[in-house]
Amino acid sequence: MRPTALSQALRLLREQGWVAATRQGRLMRYRSVDVTVHSLLHTVGADHQH
């Protein structure tokens, strides 16, 4: 996925309240805040970043 497409997708998820974002300098960190979305991401093969 191209960075601009990913950015737009994350913006939409943030607007829906499904993810939250925290800025660390120029870096944005995203985390799931919706249990259903979290489960769906795991179903499609997403993994946790620590």
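Located above this text is the structure these notes cover.
Visitor: Looking at this model, I keep getting lost on the pattern of salt bridges. Mind explaining?
Guide: Using the criterion set out here, one finds 1 salt bridge in the structure. The closest approach of N and O atoms between Arg11 and Glu15, which form a salt bridge, is 2.7 Å. On the criterion of helical spacing, the pair formed by Arg11 and Glu15 is a turn pair, its members being 4 residues apart in helix H1 (residues 3-15). Classification of Glu15 by relative accessible area gives exposed; the value is 52%.

Visitor: Is there a simple way to think about the pairing of strand E1 (residues 19-24) in this case?
Guide: Put simply, side chains in a regular strand alternate between the two faces of the sheet. Here 6 bridges tie E1 to strand E2 (residues 27-32), and the two strands are oriented antiparallel to one another. The residue bridging Ala21 from the neighbouring strand is Tyr30, located in E2. Connecting the antiparallel pair E1 and E2 is a turn made up of 2 residues, with Gly25 showing a positive phi of about 70°.

Visitor: What exactly am I supposed to notice about H1 here?
Guide: Residue pairs three or four apart in sequence face the same way in an α-helix, which turns once every 3.6 residues. End to end, H1 covers 18 Å across 13 residues, agreeing with the expected 18 Å (1.5 Å per residue, within 8%). Remark: Gly17 follows H1 within two positions and exhibits a positive phi of approximately 80°.

Visitor: Could you clarify how one ought to interpret a nonpolar patch on the surface in this entry?
Guide: There is a patch of nonpolar side chains on the surface, built from Leu40, Leu41 and Val44 and spanning about 290 Å² of accessible area. Counting through the fold element by element, Val44 comes out in the segment after helix H2 (35-43). When its relative accessible area of 62% is taken as the criterion, Val44 is described as exposed.

Definitions and limits used
- Residues numbered from 1 in each chain as written.
- Predicted model: local features only at pLDDT ≥ 70, side-chain atom pairs only at ≥ 80, totals over all residues.
- Heavy atoms only, no water.
- Salt bridge = Lys/Arg side-chain N within 4 Å of Asp/Glu carboxyl O.
- Helix = DSSP H or I, 4+ residues; strand = E, 2+ residues; numbered from the N terminus.
- Buried < 20%, exposed > 50% of the residue type's maximum accessible area, 1.4 Å probe, protein only.
- Pairing = 2+ DSSP bridges.
- Expected span 1.5 Å × (residues − 1).
- Patch = residues over 30% accessible without salt bridge, like charges linked within 9 Å, V, L, I, M, F, W, Y side chains within 5 Å.
- Areas by Shrake-Rupley, 256 points an atom, 1.4 Å probe, with all protein chains shown as cover.

So yeah, pure geometry; function would need other evidence.
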